[in-house]
Amino acid sequence: MEYILIFISAIFVNNIVLSQFLGICPFLGVSKKIDTALGMSAAVVFVLTIASIVTFLLQKYVLDVFNLGYLQTITFILVIAGLVQMVEIVLKKVSPALYQALGVFLPLITTNCCILGVAILVIQKDFNLLTGVVYAVSTALGFGLALILFAGIREQMSLVRIPEGMRGTPIALITAGLLAMAFMGFSGII
């Protein structure tokens, strides 16, 4: 039951983008088309899951053991950047088709604060490894859901006439705010 609550909470109630405001840059930048939003969502699910496992193990078996907790942020940044590079190299050799599908999005993930934020939240919430992985996957799915919904809305907005002063970023920010308010409706679930 705990995992189901974490799953629902991370996707709907405490959505990483719409409630906690992490990952706003890719949310606004990659959400112009549904295809790119799907690609970015898949890449985030993949990298966030692996990064959460690696950073959890590093925190528990290296940083905590040697009392180096103050190095957590810089260590996690370096691990995430290195992990993204390793994933990119492995995908290029093992599965060129998957590399072509995710290739453009992997470098963007290195600068996605959502990845670092979730890795730190897993440690702060004192999750065990399995709970941390469930939280990471659920958070990534919530990020993907918000990104795909926002991309669909933005594609529909490109078909309507918007006043000159509201085109581009202003209407995107207003729409993102309305989407965040819509997700606030889920706050009574858990």
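Residues numbered from 1 in each chain as written. Predicted model: local features only at pLDDT ≥ 70, side-chain atom pairs only at ≥ 80, totals over all residues. Heavy atoms only, no water.

Structural notes on the layout of surface pockets
Thinking step 1. Put simply, the largest pocket is a space of about 180 Å³.
Thinking step 2. For the largest pocket, the full set of lining residues is Lys32, Arg154, Glu155, Met157, Ser158, Ile162, Arg167, Gly168, Thr169, Ile171 and Ala172.
Thinking step 3. Residue assignment for the lining of the largest pocket shows that the elements contributing at least two residues are helix H8 (129-157) and helix H9 (169-184).
Thinking step 4. A breakdown of the residues in the lining of the largest pocket according to their chemical character gives 4 nonpolar, 3 polar and 4 charged. (1 Å grid on protein atoms, 1.4 Å probe; cavity = no way out; pocket = protein on both sides within 12 Å on 5 of 7 lines; lining within 4 Å. Points joined across faces, edges and corners; volume = space filled by probe spheres on them. Helix = DSSP H or I, 4+ residues; strand = E, 2+ residues; numbered from the N terminus. Nonpolar A, V, L, I, M, F, W, Y, C, P; charged D, E, K, R; others polar.)

Here's the deal with the packing of H8 against H9
Thinking step 1. Remark: H8 packs on H9, axes separated minimally by 11 Å, with the N-to-C direction vectors making an angle of 135 degrees. Comparing their axes, H9 and H8 come out oblique. Like other packed secondary-structure pairs, H8 and H9 cross with a definite hand, here right-handed. Seen from H8, the contacting residues are Leu145, Ala146, Leu149, Phe150, Ile153, Arg154 and Met157; seen from H9, they are Ile171, Ala172, Thr175, Ala176, Leu179 and Phe183.
Thinking step 2. Among the residues making up the contact of H8 with H9, the classes are represented as 11 nonpolar, 1 polar and 1 charged. (Axes fitted to C-alpha atoms, helices over the stretch in contact; angles between N-to-C directions. Parallel < 35°, antiparallel > 145°, perpendicular 65-115°, else oblique. Left-handed = near helix turned anticlockwise from the far one by under 90°. Contact = heavy atoms within 4.5 Å.)

Details of the side chain of Arg154
Thinking step 1. Relative to the helices and strands, Arg154 resides in helix H8.
Thinking step 2. The side chain of Arg154 sits in the buried core without any salt bridge; Glu155 is the nearest counter-charge, 9.7 Å away.
Thinking step 3. Filtering out sequence-adjacent residues up to four positions away, Arg154 remains in contact with Leu28, Ser31, Lys32 and Ala172. (Buried < 20%, exposed > 50% of the residue type's maximum accessible area, 1.4 Å probe, protein only. Lys, Arg positive; Asp, Glu negative; His and termini not counted. Salt bridge = Lys/Arg side-chain N within 4 Å of Asp/Glu carboxyl O.)

Concerning the environment of Ala172
Thinking step 1. Relative to the assigned elements, Ala172 resides in helix H9.
Thinking step 2. Judged by relative accessible area, which is 4%, Ala172 ranks as buried.
Thinking step 3. In this structure, the C-alpha to C-alpha distance between Ala172 and Ser31, residues 141 residues apart in sequence, is 9.6 Å.
Thinking step 4. The residues touching Ala172, leaving out its near neighbours within four places in the chain, are Phe150 and Arg154.

What about the side chain of Gln72?
Thinking step 1. The residue Gln72 is located in helix H4 (residues 72-94) in this model.
Thinking step 2. Residue Gln72 is classed as buried on the basis of its relative accessible area, which comes to 14%.
Thinking step 3. Apart from residues lying up to four places away in sequence, Gln72 is in contact with Gln59, Leu63, Ile120 and Ile123.

Section: unusual backbone geometry
Thinking step 1. You will see that Asn67, though not glycine, has its phi angle at about 55 degrees, which is positive.
Thinking step 2. The topology assignment puts Asn67 in the loop between helix H3 (34-63) and H4.
Thinking step 3. Residue class for Asn67 comes out exposed when judged on its relative accessible area of 64%.
Thinking step 4. A positive phi is found at Asp126, a non-glycine position, where the angle reads about 55 degrees.
Thinking step 5. In this fold, Asp126 is placed in the loop between helix H7 (113-124) and H8.
Thinking step 6. Using a relative accessible area of 58% as the deciding quantity, one classes Asp126 as exposed.

Distances and angles like these do not, on their own, reveal function.
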